[in-house]
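Coordinate inspection notes
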Amino acid sequence: MILTGESRGGVRTQIARSWQRSLHHGVQPGLTSAPTSLQGSVLAAARSDYHLLLEAARPLLTELETLIRGSGQVILLCDAAARILLACGDREGRRATEPINLGPGANWSEAAAGTNAMGLALTEKRPVLVLANEHFCSGWEHWSCAATPIRDPITGVPVGILDISGAYRVLNEHSLAAVVAAARAIEGRLQQAHLTAQHRLFATFADLVVTSGAAVLAIDAGGRLLRATPGAEPLLAGDPPGPVPEFACLLAAVLASGRTESQRLSGAGALFEVTCKPVTDQGAPVGAIALVRPCQVQPPPPPAAAPLSGFVGSHPEIVRVLDRAARAARSDVTVLITGETGTGKEVLAGALHAASSRVRGPFVAVNCGALPPTLAASELFGYDAGAFTGAARRGSAGKVAAAQGGTLFLDEVGELPPDVQVMLLRLLQEKEVVRVGGQRPAVVDVRVIAATNRDLEAMVAAGQFRADLYYRLNVVRLHLPPLRERRDDIPLLVRHALALEGEPHHPVPPEVLARLHAYDWPGNVRELFNLVRQALVMAEPLDAQWPASRLPIPLAVSAPAPSPDPEREAVLAALTQTGGNVAAAARRLGVGRSTLYRKIHELGICLERQAR
């Protein structure tokens, strides 16, 4: 075995680190076939997203293929998440790799396939050689692979992975050198493509500076500002300058859709009409040009947003969220609600619907995380008769059709499978759906509100969520803070929870609220509401419902108004409820029997009277 770099106990250090990561990811050592992440239309969409990389790589792949002809090796080009986009090589090599799924659409990241050159090159961002039993999974221990990242010529960030794989005796350091040389050549072609795109952008920019009479900005396909004329400053921020968030969202939507869009944006106390045009070169997007014009007549200030019913809170961040939500309710823009589990995302979505012009239409809530991956598309978009085994004889309209004229709320939207993400993107862009097994699109009138407790931006970076769908969902973003960050709202929320349970005037002692205020509430508002409900239903102190490690001090929300001696009243109540049975009363109070006898004596309570 060829060893390079430091080793530990005969195993190279980088391999040992990768094995540890593979264990952490839960990869099974007995895995014999890598999972598939991209197939069909999703694979086609991914190749479209990486068209610049594919165009730059094809001539180099052809040269490599000539070099390895007859060796049984295969060449693999992966995206930035180590998912194979393209495979080439001699027929014998490709046939031999089929059982382990070393072909287009397969996911060879460390988290999916354990230690391998593609996943390791992505993780460590450098060229690597993985030989035979250095692989974590037994399924590929008879193979060796050499891989290196392909970097963006401007940012230096990996945009793909190039790999050569073959039988374990065939590959060596020379194979790795060949891969690295090819990757550098691909980067050179990407650099040339970038320069060509810049020339196209600059030509369009110069033409519009002369003819448009507006402030003009040039932005490349990565969203980076290249040029700007005076007058565009209010839409830029930072050093070096870049688009402000709302302008960045507009740019991202245009780059993703390839369509010209206009929007009014504010900056430096003024209102601007911004028109964003995509720029293409031989049909491929290379960036966008934005025209910025001050609005000649300032519109009157919008009326104060009406408060949304059903959502309680007075914390400044909640007030800001509700104000933005009320303004969003006046239009049909897509809204993305983020926040931890239990913060009230569905309640806010329902309030948005109730405050909108669609209030007479249906509000259809779908938990995307509860949809089986194989049935998610048919559940959401419906299916025709005979679309699959077990399909209903007349087909099904689906949840989107059920929300016609109203609002579709997609909770846990980050859990949607890749193929369904493509279908949702079409719904948002074209306002139409095609049933599973169907051919003709149907136009739908649905407002989409999505919610998630996951970091969608990180998922986009990891290749787990489509960037163009994220920008379509993230038109208006509303973030709900966790309850621990707005503890002053707890009294309001407790009163609201009691009112929902039909007990609006139920007394809540100040010491109870103080203890609730001190708790961290990992389950957020949902946890608080459940606690109040349990206490009312069981008519017991809250510590009888929850583990002592979470609420160590009794919280008697269901107790009567406080008396001058609450400890005496609590003991009396327990003895009365148990008919004077000290052992039962001690269990109810959560103390030992000897402790309760001592308290009875100290408080001067007559046991005979309680027994009656």
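The structure contained in this document is the topic of the report that follows. (Residues numbered from 1 in each chain as written. Predicted model: local features only at pLDDT ≥ 70, side-chain atom pairs only at ≥ 80, totals over all residues. Heavy atoms only, no water.)

1. A few points about the overall build of the chain
- A tally of regular secondary structure across the chain gives 22 helices and 21 strands.
- Buried positions account for 45% of the 612 residues belonging to the chain.
- Summing over all exposed atoms, the chain offers an accessible surface of approximately 29400 Å²; the carbon and sulfur share of this is 54%. (Helix = DSSP H or I, 4+ residues; strand = E, 2+ residues; numbered from the N terminus. Buried < 20%, exposed > 50% of the residue type's maximum accessible area, 1.4 Å probe, protein only. Areas by Shrake-Rupley, 256 points an atom, 1.4 Å probe, with all protein chains shown as cover.)

2. Considerations on the sheet that holds strand β16 (residues 363-367)
- Within the open sheet, the five strands sit side by side as β16-β17-β20-β15-β21. Their pairing is parallel. Both outer strands of the open sheet, β16 and β21 (476-479), are each paired with one neighbouring strand and no more. For this sheet, the mean inter-axis angle between neighbouring strands, taken without regard to orientation, is 20°.
- Bridging between strand β15 (residues 335-338) and strand β20 (residues 447-452) involves four bridges; their strand directions are parallel. The partner of Leu 336 across the bridge, within β20, is Ala 450.
- Seen against the sheet, helix α9 (residues 316-329) touches β15, β20 and β21 and runs at an angle of roughly 150° to β21.
- Strands β15, β16, β17 (407-411), β20 and β21 of the sheet are contacted by helix α10 (residues 345-354), whose axis makes an angle of about 150° with β15. (Pairing = 2+ DSSP bridges. Axes fitted to C-alpha atoms, helices over the stretch in contact; angles between N-to-C directions. Contact = heavy atoms within 4.5 Å.)

3. Structural notes on the sheet that holds strand β6 (residues 143-151)
- If you walk across this open sheet you meet the five strands as β4-β3-β7-β6-β5, and the pairing is antiparallel. The sheet is open, and its two borders are formed by β4 (84-89) and β5 (128-131), each paired with just one other strand. Sheet twist, expressed as the mean angle between neighbouring strand axes with direction ignored, is 20°.
- Of the strand pairs in this sheet, β5 and β6 are connected by four bridges, and their pairing is antiparallel. Bridge pairing in β6 places Leu 131 opposite Ser 144.
- Strands in contact with helix α3 (residues 51-68) are β3 (74-78), β4, β6 and β7 (158-167); relative to β3, the strand with the most contacts, it is inclined by about 165°.

4. A word on unusual backbone geometry
- The phi torsion at Asn 101 lies on the positive side, around 65°, for a residue other than glycine.
- You can see Asn 101 is positioned in the loop between α4 (91-97) and α5 (110-113).
- Residue classification places Asn 101 among the buried residues on the basis of a relative accessible area of 16%.
- A positive phi is found at Lys 125, a non-glycine position, where the angle reads about 55°.
- Here Lys 125 shows up in the loop between α6 (117-124) and β5.

5. Considerations on helix α16 (residues 490-500)
- Looking only at α16, the buried set comprises Ile 490, Leu 493, Val 494, Ala 497 and Leu 498. For α16, the angular spread of the buried residues around the axis is 135°, confining them to a single face.
- Backbone geometry just downstream of α16 places Gly 502 in the positive-phi region, at approximately 80°. (Arc of directions from axis to C-beta.)

6. Things to note about the packing of helix α1 (residues 13-25) against α6
- Between α1 and α6, whose axes approach to 11 Å, the crossing angle comes to 95°. In terms of orientation, α1 and α6 fall into the roughly perpendicular class. Contact residues: α1 offers Gln 14, Ile 15, Arg 17, Ser 18 and Arg 21, while α6 offers Leu 120, Thr 123 and Glu 124.
- By residue class, the composition of the contact of α1 with α6 is two nonpolar, three polar and three charged. (Parallel < 35°, antiparallel > 145°, perpendicular 65-115°, else oblique. Nonpolar A, V, L, I, M, F, W, Y, C, P; charged D, E, K, R; others polar.)

7. Thoughts on the nonpolar core
- Counting residues in each nonpolar core, the largest one holds 31 residues, and the members touching the most others are Leu 410 and Leu 424.
- Secondary-structure elements contributing two or more residues to this core are β16, α11 (376-381), β17, α13 (418-430), β20, α14 (456-461) and α15 (467-473).
- Apart from the residues within four sequence positions on either side, Leu 424 is in contact with Phe 381, Leu 410, Val 413, Leu 416 and Leu 469.
- Ala 56, Leu 61, Leu 77 and Leu 162 belong to the second largest nonpolar core, which has 29 residues in total. (Core = buried A, V, L, I, M, F, W, Y, C linked by side-chain atoms within 4.5 Å.)

8. Observations regarding the pattern of salt bridges
- If you walk through the whole model with that rule in mind, you get 23 salt bridges.
- Here Arg 472 and Glu 261 are joined by a salt bridge, their closest N and O atoms 3.3 Å apart. On the criterion of sequence distance, the pair formed by Arg 472 in helix α15 and Glu 261 in strand β12 (residues 261-267) is long-range, its members being 211 residues apart.
- Across the pair Arg 358 and Asp 332 runs a salt bridge whose closest N-O atoms are separated by 2.8 Å. Residue Arg 358 is located in the loop between α10 and β16, and its partner Asp 332 is located in the loop between α9 and β15; the two are separated by 26 residues in the primary sequence.
- Residue class for Arg 358 comes out buried when judged on its relative accessible area of 7%. (Salt bridge = Lys/Arg side-chain N within 4 Å of Asp/Glu carboxyl O.)

9. Topic: the side chain of Asp 152
- By secondary structure assignment, the location of Asp 152 is in the loop between β6 and β7.
- Contacts of Asp 152, omitting those with residues within four sequence positions, involve Val 157, Val 159 and Arg 224.

10. Examining the environment of Val 157
- Considering the arrangement of structural elements, one finds Val 157 in the loop between β6 and β7.
- Since its relative accessible area comes to 45%, Val 157 is described here as partly exposed.
- As for Val 157 and Lys 125, which are separated by 32 residues in sequence, their C-alpha atoms are 9.0 Å apart.
- Among all residues touching Val 157, those that are not within four sequence positions of it are Ile 150, Arg 151 and Asp 152.

11. Topic: the side chain of Thr 204
- In this structure, Thr 204 sits in helix α7 (residues 173-211).
- Judged by relative accessible area, which is 19%, Thr 204 ranks as buried.
- Apart from residues lying up to four places away in sequence, Thr 204 is in contact with Val 279 and Ile 289.

12. Comments concerning the pairing of β4
- Of all six residues making up β4, five are buried, and the element is well covered by its neighbours.
- The sheet contact formed by β3 and β4 spans five bridges and is antiparallel. Following the sheet pairing, Cys 78 is matched in β4 by Ile 84.
- Taking the residues between adjacent antiparallel strands as the criterion, β3 and β4 are bridged by five residues, where Ala 82 takes a positive phi near 65°.

13. Thoughts on the pairing of β16
- Residues of β16 alternate between two faces, with Val 364 and Val 366 buried on one and Phe 363, Ala 365 and Asn 367 left unburied on the opposite face.
- Pairing between β16 and β17: five bridges, direction parallel. In the strand pairing of β17, Val 366 is matched with Leu 410.

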